[in-house]
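The lines below spell out each chain.
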Amino acid sequence: MQYRELGNTGIKVSEIAFGAEFLVERSYEDTEELIKVCEANGINFVDCWMSEHDVRSHLEGLLRIIVKIG
C-alpha cells in the first residue's frame, strides 16, 4: 500500500480508502470482517460519513480495538 501525507498533519493515509456508507444494511459481524480486511491490506483511511448511529458506533468500536485507543 502506498501512503500520502494528510495536509501538513504528518499523518500518513492510504491512497485507497474504504467507503463505509453501504454498511447501513450490514451486521456488526460484516463490519468487523471488512475492517479487518482493510487493516490486513494497509487501508487506514475510512470514509464513514453517514447519519446512522449504529454504523458509526460499530466503526468506532472496531477502530478503537485496531488502534488500541481506549
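For the structure itself, look to the data block above.
Residues numbered from 1 in each chain as written. Predicted model: local features only at pLDDT ≥ 70, side-chain atom pairs only at ≥ 80, totals over all residues. Heavy atoms only, no water.

1. Regarding the packing of aromatic side chains
One pass over the structure, following the stated rule, counts one aromatic pair. Geometrically, the ring pair formed by Phe-18 and Phe-22 is edge-to-face, given 6.1 Å between the ring centres and 75 degrees between the ring planes. In this structure Phe-18 comes out as buried when scored by relative accessible area, which is 12%. (Phe/Tyr/Trp six-rings, centres within 6.5 Å; stacked < 30°, edge-to-face > 60°. Buried < 20%, exposed > 50% of the residue type's maximum accessible area, 1.4 Å probe, protein only.)

2. What to know about a negative patch on the surface
Taken together, the side chains of Glu-21, Asp-47, Glu-52 and Asp-54 present a region of like negative charge at the surface. With respect to the helices, strands and loops of the structure, Glu-21 is situated in the loop between strand S3 (17-19) and helix H1 (28-40). (Patch = residues over 30% accessible without salt bridge, like charges linked within 9 Å, V, L, I, M, F, W, Y side chains within 5 Å. Areas by Shrake-Rupley, 256 points an atom, 1.4 Å probe, with all protein chains shown as cover. Salt bridge = Lys/Arg side-chain N within 4 Å of Asp/Glu carboxyl O. Lys, Arg positive; Asp, Glu negative; His and termini not counted. Charge placed at Lys NZ, Arg CZ, Asp CG, Glu CD. Helix = DSSP H or I, 4+ residues; strand = E, 2+ residues; numbered from the N terminus.)

3. A look at helix H2 (residues 53-67)
Between its first and last C-alpha, H2 extends 21 Å over 15 residues, near the 21 Å set by a 1.5 Å rise per residue. Here H2 has its buried residues at Val-55, Leu-59 and Leu-62. Each buried residue of H2 sits inside an arc of 70 degrees when the element is viewed along its axis, so together they form one side. Summarising the geometry of H2, the exposed residues directed more than 90 degrees from the buried face are His-53, Asp-54 and Ile-65. (Expected span 1.5 Å × (residues − 1). Arc of directions from axis to C-beta.)

4. Comments concerning the environment of Asp-54
The residue Asp-54 is located in helix H2 in this model. Looking at Asp-54, the relative accessible area reads 53%, which means it is exposed. It is 9.5 Å that separates the C-alpha atoms of Asp-54 and Leu-23, two residues lying 31 residues apart in sequence.

5. Brief notes about the nonpolar core
The biggest cluster of nonpolar side chains holds 11 residues, and these are Phe-18, Ala-20, Leu-23, Ile-35, Cys-38, Ile-43, Val-46, Met-50, Val-55, Leu-59 and Leu-62. Secondary structure elements with two or more residues in this core: H1 and H2. It is H2 that contributes the most residues to this core, three residues altogether. Setting aside residues no more than four positions away along its own chain, Val-46 makes contact with Phe-18, Ala-20 and Ile-35. (Core = buried A, V, L, I, M, F, W, Y, C linked by side-chain atoms within 4.5 Å. Contact = heavy atoms within 4.5 Å.)

Note that all results are geometric; they support no functional claim without further evidence.
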